[in-house]
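Single-letter residue listing:
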Amino acid sequence: MDCEKFSPNAREIFNEITKYYPPNPWNQPQWTEDGKVFDNGWHDLRKEFDRTWLITWYERLIGSTIVTLAGDRKNKGGKLTRDVFSLKLSKRWIELAVLLKELDFQIETLDLVE
């Protein structure tokens, strides 16, 4: 579901998301008040397509990184133990995936569930 503007609850989540989009090297903002973020192009988080695209991007990025790191460990003669899954994953990716899913849920439920 798309929305024209964020509800107060969705706005709180969006404000958390903006912390992950600091100004670029030219000091230009990487997000806008109306709900857009620059993440490999501009994405309007009020739009279901853009939220879904970013959520899927981060989930695939996290999964692909785990598989690559685990494969590398195994190819070097290591075992796939629990510590493989704590390897070098970007905390930013995981936190953004969680926040984007929370924002999507908030918009999709029309703030009926708190």
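Preceding this paragraph is the structure being described.
Since the model is a prediction, treat every value here as computed from it, not as a measurement.

Definitions and cut-offs
- Residues numbered from 1 in each chain as written.
- Predicted model: local features only at pLDDT ≥ 70, side-chain atom pairs only at ≥ 80, totals over all residues.
- Heavy atoms only, no water.
- Helix = DSSP H or I, 4+ residues; strand = E, 2+ residues; numbered from the N terminus.
- Buried < 20%, exposed > 50% of the residue type's maximum accessible area, 1.4 Å probe, protein only.
- Contact = heavy atoms within 4.5 Å.
- Areas by Shrake-Rupley, 256 points an atom, 1.4 Å probe, with all protein chains shown as cover.
- Core = buried A, V, L, I, M, F, W, Y, C linked by side-chain atoms within 4.5 Å.
- Patch = residues over 30% accessible without salt bridge, like charges linked within 9 Å, V, L, I, M, F, W, Y side chains within 5 Å.
- Salt bridge = Lys/Arg side-chain N within 4 Å of Asp/Glu carboxyl O.
- Phe/Tyr/Trp six-rings, centres within 6.5 Å; stacked < 30°, edge-to-face > 60°.
- Lys NZ or Arg CZ within 6 Å of the ring centre and 35° of its normal.

1. A look at the overall build of the chain
1) Next: Of the regular secondary structure elements, the chain holds 3 helices and 2 strands.
2) Next: Secondary structure of the chain in N-to-C order comes out as α-β-β-α-α.
3) Next: Split into buried and exposed, the 114 residues of the chain put 34% on the buried side.
4) Next: Taking contacts inside the chain between residues at least 6 apart in sequence as the whole, the part at least 24 apart equals 53%.
5) Next: Total accessible area computed for the chain in this model is approximately 7,600 Å², and 57% of it derives from carbon and sulfur atoms.

2. A few points about the environment of Asn9
1) Next: With respect to the helices and strands, Asn9 occurs in helix H1 (residues 8-18).
2) Next: Each C-alpha atom, one on Asn9 and one on Leu110, is 9.7 Å from the other, the two residues being 101 residues apart in sequence.

3. Comments concerning the side chain of Arg51
1) Next: Looking at where Arg51 falls in the secondary structure, it is placed in helix H2 (residues 48-75).
2) Next: Apart from residues no more than four positions distant in its own chain, Arg51 is found in contact with Met1, Leu45, Arg46, Leu103, Asp104, Ile107 and Glu108.

4. Digging into the nonpolar core
1) Next: Phe6, Ile17, Val37, Leu45, Tyr58, Leu100 and Leu103 are the most contacted members of the largest nonpolar core, which totals 19 residues.
2) Next: Looking at this core, the element that brings in the most residues is helix H3 (residues 91-108), giving 6 residues.

5. A closer look at a nonpolar patch on the surface
1) Next: There is a patch of nonpolar side chains on the surface, built from Phe49, Trp53 and Trp57 and spanning about 340 Å² of accessible area.
2) Next: Looking at the element boundaries, Phe49 is found in helix H2.

6. A few points about the packing of aromatic side chains
To describe a pair of aromatic rings, you give the distance between the ring centres and the angle between the ring planes.
1) Next: Taken as a whole, this structure holds 4 aromatic pairs when the rule is applied.
2) Next: With centroids separated by 6.2 Å and ring planes inclined at 75 degrees, the aromatic side chains of Phe14 and Trp31 adopt a geometry described as edge-to-face. Of the two residues, Phe14 is situated in helix H1 and Trp31 in the loop between H1 and strand S1 (36-38); the sequence distance between them amounts to 17 residues.
3) Next: In this structure Phe14 comes out as buried when scored by relative accessible area, which is 0%.
4) Next: Since its relative accessible area comes to 28%, Trp31 is described here as partly exposed.
5) Next: Ring-pair connections join several aromatic residues into one group, and the members of that group are Phe6, Phe14 and Trp31.
6) Next: Sitting above the plane of the Tyr21 ring, Arg92 keeps its charged end 5.2 Å from the centroid.

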